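Listed here are the chains, written in short residue letters.
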Amino acid sequence: MTEGARSVEIERKYDVDVSTPLPDWSGLDATVAPGELRELDARYFDTADTALAHAGVAVRRRTGGPDAGWHIKGPREGDGRLEIAWPLGEDDSGIPDAVAEALARWTTDALTPLARIENHRTAYLLTGPAGVVAEFVDDRVRATDLRQGVEREWREWEVELGPAAPADEAGRDALFAAIETAVLATGAHAAASDSKLARALGF
């Protein structure tokens, strides 16, 4: 397995009720593509003493969607998180060596299953004159804390900046402000938990 592909993920998350209607994007200077359905199934891993979670790091193996594979999400830095990704291998019965090596800066202890997150996702691309400025996803989540045997379900929205999003902070803030105007008008509010994994574990 080769060195993982690196990217910086800049996103905002929102809590919504099961019946909350989708945002009205007519006030945004972008076209919205029809929704694409994705069935995602992710298994998260950590040490016995959850050293990765305490460091703000998550490692998962996910199937489904365009980015199926192994992912490491690093600690949040400002408005973003570094994500390292590898494709799925033929034998993923254990943690791949490349993933373990990338995690060594945080821990070299054995990893065991922590949580499973199944997500029925509908993804919408918001496209401006220069390309995709953001991806909006409507997630209906079922999560299992594998160590406590507790299941939780909820619905949330995520907005992640795309390749054609403004490169400067002021431009990104203006784009997020326009998106949030539409999102918050539905009754949605900023997410109480900053990650699905944290919420799966009751945080």
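In this report, we go over the structure that sits alongside the text. Note that the structure is a prediction, hence the values are computed from the model and not measured.

Digging into the pattern of salt bridges
For step 1, the next point in the chain: The full count for this structure, using the stated rule, is 18 salt bridges.
For step 2, the next point in the chain: The shortest N-O distance in the salt bridge between E158 and K13 comes to 2.9 Å. Taken together, the residues span a long stretch of sequence, with E158 in strand β9 (residues 150-161) and K13 in strand β1 (residues 5-16) at a distance of 145 residues.
For step 3, the next point in the chain: For E158, a relative accessible area of 10% gives the class buried.
For step 4, the next point in the chain: The buried category is assigned to K13, whose relative accessible area is 11%.

Concerning the packing of aromatic side chains
For step 1, the next point in the chain: Following the criterion strictly, the structure yields four aromatic pairs and no others.
For step 2, the next point in the chain: An angle of 45° between the planes, with centres 6.0 Å apart, marks the rings of Y124 and F136 as tilted. With Y124 in strand β7 (residues 112-128) and F136 in strand β8 (residues 131-145), this residue pair connects regions lying 12 residues apart in the sequence.
For step 3, the next point in the chain: Judged by relative accessible area, Y124 falls into the buried class, the value being 15%.
For step 4, the next point in the chain: With relative accessibility at 1%, the residue F136 sits in the buried group.
For step 5, the next point in the chain: Geometrically, the ring pair formed by F136 and W157 is edge-to-face, given 5.2 Å between the ring centres and 65° between the ring planes. Separated by 21 residues along the polypeptide, F136 in strand β8 and W157 in strand β9 bring together distant segments of the chain.
For step 6, the next point in the chain: You can call W157 buried: its relative accessible area is 0%.
For step 7, the next point in the chain: Here the aromatic residues W25, Y124, F136 and W157 are joined through ring pairs into a cluster of three or more.
For step 8, the next point in the chain: One residue, R12, lies across the ring of F176, its end atom 4.0 Å from the ring centre.

Reading the values: rules and limits
- Residues numbered from 1 in each chain as written.
- Predicted model: local features only at pLDDT ≥ 70, side-chain atom pairs only at ≥ 80, totals over all residues.
- Heavy atoms only, no water.
- Salt bridge = Lys/Arg side-chain N within 4 Å of Asp/Glu carboxyl O.
- Helix = DSSP H or I, 4+ residues; strand = E, 2+ residues; numbered from the N terminus.
- Buried < 20%, exposed > 50% of the residue type's maximum accessible area, 1.4 Å probe, protein only.
- Phe/Tyr/Trp six-rings, centres within 6.5 Å; stacked < 30°, edge-to-face > 60°.
- Lys NZ or Arg CZ within 6 Å of the ring centre and 35° of its normal.

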